[in-house]
Amino acid sequence: MVEPGFQVALVSGAAAGLSVDVALFPLDTVKTRLQSAQGFWKAGGFRGIYSGLSSAAIGSAPNAAAFFCTYETVKKLLGHRLPGHLDPVCHMTGATCGEVVACVIRVPTEVIKQRAQAAPHDKTLQIFRRTLRHEGFFGLYRGYFSTVIREVPFSFVQFPLWELLKKTWSRRQGFQVDPWQSSICGAVAGGFSAVVTTPLDVAKTRIMLAEANSSLAKGNIAHALNMVYMEKGIRGLFAGVVPRSLLIAMGGAIFLGVYDKAKDTLTKWTITEHS
């Protein structure tokens, strides 16, 4: 397969991010409210299921574009320097670097989005202004490190597994997988990764929704995990695991399927334009 250029990765990533975030937003809202300290029904239940959508939509395209530009660049750089049997190392490193960069865009939109999901009667702009007024600019980056700590292990598992499944399927059928097959590989990789990283997601949600100046608001993920465990035990650490794994399995199918489809289409178009 031809490696995508920077512009192709940029546009394909943006298309994939916007598609998945808009399509699966209601499930994400349910997951956030299940993980909220006030409980699902007090956080809004099924009311205002699209609260915070504007924040997610604004941030999704640049966030995914930043991730895939970084991922493809690092993968390409390392791929030329490492032997083939070390491909998983390229994928893990690329995914890790991609998440660190993407979280610079993702975290502010995630903070506003999750607060809107947990308080459906408030407008997104109101929440944004209130956050700046009470917590300043760095309030938008509440939970940055806990988000990175959650996302890096997730991508560390998801992307090498996705690439391995695609490679195995391609080898068995004798030709490169189609985007719909890549989509299925993405669903399997995403669902598995979601289950094993759910405790980190619960901790991240608690930190982002915590009252300003509280012990949780300091962003200590070990403290957040311990607090959840003391309150609700193992079950609390896996709160929302079903909607989360369902959400991310479907998200992996849409996100990675759309990415590969857009990437293939744009790469073919670029080759045709320059031939």
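Before reading further, recall that the structure is shown in the block above.
For the structure given in this document, a descriptive report is provided here. Everything quoted here is computed from the prediction, not taken from an experiment.

**A short note on the environment of Lys-113**
For step 1, the next point in the chain: Here Lys-113 lies in helix H4 (residues 87–118).
For step 2, the next point in the chain: Under the relative-accessibility criterion, Lys-113 is labelled buried at 7%.
For step 3, the next point in the chain: Considered as a pair, Lys-113 and His-80 are 33 residues apart in the sequence and their alpha carbons are 39 Å apart.

**Looking at the side chain of Asp-201**
For step 1, the next point in the chain: Within the secondary structure, Asp-201 is located in helix H8 (residues 198–209).
For step 2, the next point in the chain: Taking the relative accessible area as the measure of exposure, Asp-201 reaches 0% and is therefore buried.
For step 3, the next point in the chain: Those residues within four positions of Asp-201 in sequence are excluded, and the remaining contacts are Lys-31, Gln-35, Arg-150 and Arg-244.

**Examining a nonpolar patch on the surface**
For step 1, the next point in the chain: Taken together, the side chains of Leu-125, Phe-128, Leu-132, Phe-137 and Phe-138 define a hydrophobic patch exposed on the protein surface, amounting to about 530 Å² of accessible area.
For step 2, the next point in the chain: Topologically, Phe-138 is positioned in the loop between helix H5 (124–135) and helix H6 (144–173).

**Quick look at the nonpolar core**
For step 1, the next point in the chain: Ranked by size, the top nonpolar core spans 19 residues in total, and within it Phe-67, Phe-68, Phe-159, Trp-162 and Phe-255 carry the most contacts.
For step 2, the next point in the chain: When contributions to this core are tallied by element, the ones reaching two or more residues are helix H1 (6–23), helix H3 (53–79), H4, H6, helix H7 (179–196) and helix H10 (241–273).
For step 3, the next point in the chain: It is H3 that contributes the most residues to this core, five residues altogether.
For step 4, the next point in the chain: Setting aside anything within four residues of it in sequence, one finds Phe-67 in contact with Ala-95, Gly-98, Glu-99, Ala-102, Ser-155 and Phe-159.
For step 5, the next point in the chain: The next biggest cluster of nonpolar side chains, apart from the first, holds eight residues, and it includes Leu-200, Ala-203, Ile-207 and Ala-210.

**Regarding the pattern of salt bridges**
Two side chains carrying opposite charge are able to pair once their charged atoms lie near each other.
For step 1, the next point in the chain: Following the criterion strictly, the structure yields 14 salt bridges and no others.
For step 2, the next point in the chain: Asp-260 is the partner of Lys-166 in a salt bridge, and the nearest nitrogen-oxygen pair spans 3.2 Å. Of this pair, Lys-166 sits in helix H6 while Asp-260 is found in helix H10, placing the two residues 94 residues apart along the sequence. For the pair Lys-166 and Asp-260, one class covers both residues: buried.
For step 3, the next point in the chain: One salt bridge connects Arg-244 with Asp-201, and the closest N-O pair in it is separated by 3.7 Å. Residue Arg-244 is found in helix H10, and its partner Asp-201 is found in helix H8; the two are separated by 43 residues along the sequence.

Each value, and the rule that gives it
- Residues numbered from 1 in each chain as written.
- Predicted model: local features only at pLDDT ≥ 70, side-chain atom pairs only at ≥ 80, totals over all residues.
- Heavy atoms only, no water.
- Helix = DSSP H or I, 4+ residues; strand = E, 2+ residues; numbered from the N terminus.
- Buried < 20%, exposed > 50% of the residue type's maximum accessible area, 1.4 Å probe, protein only.
- Contact = heavy atoms within 4.5 Å.
- Patch = residues over 30% accessible without salt bridge, like charges linked within 9 Å, V, L, I, M, F, W, Y side chains within 5 Å.
- Areas by Shrake-Rupley, 256 points an atom, 1.4 Å probe, with all protein chains shown as cover.
- Salt bridge = Lys/Arg side-chain N within 4 Å of Asp/Glu carboxyl O.
- Core = buried A, V, L, I, M, F, W, Y, C linked by side-chain atoms within 4.5 Å.

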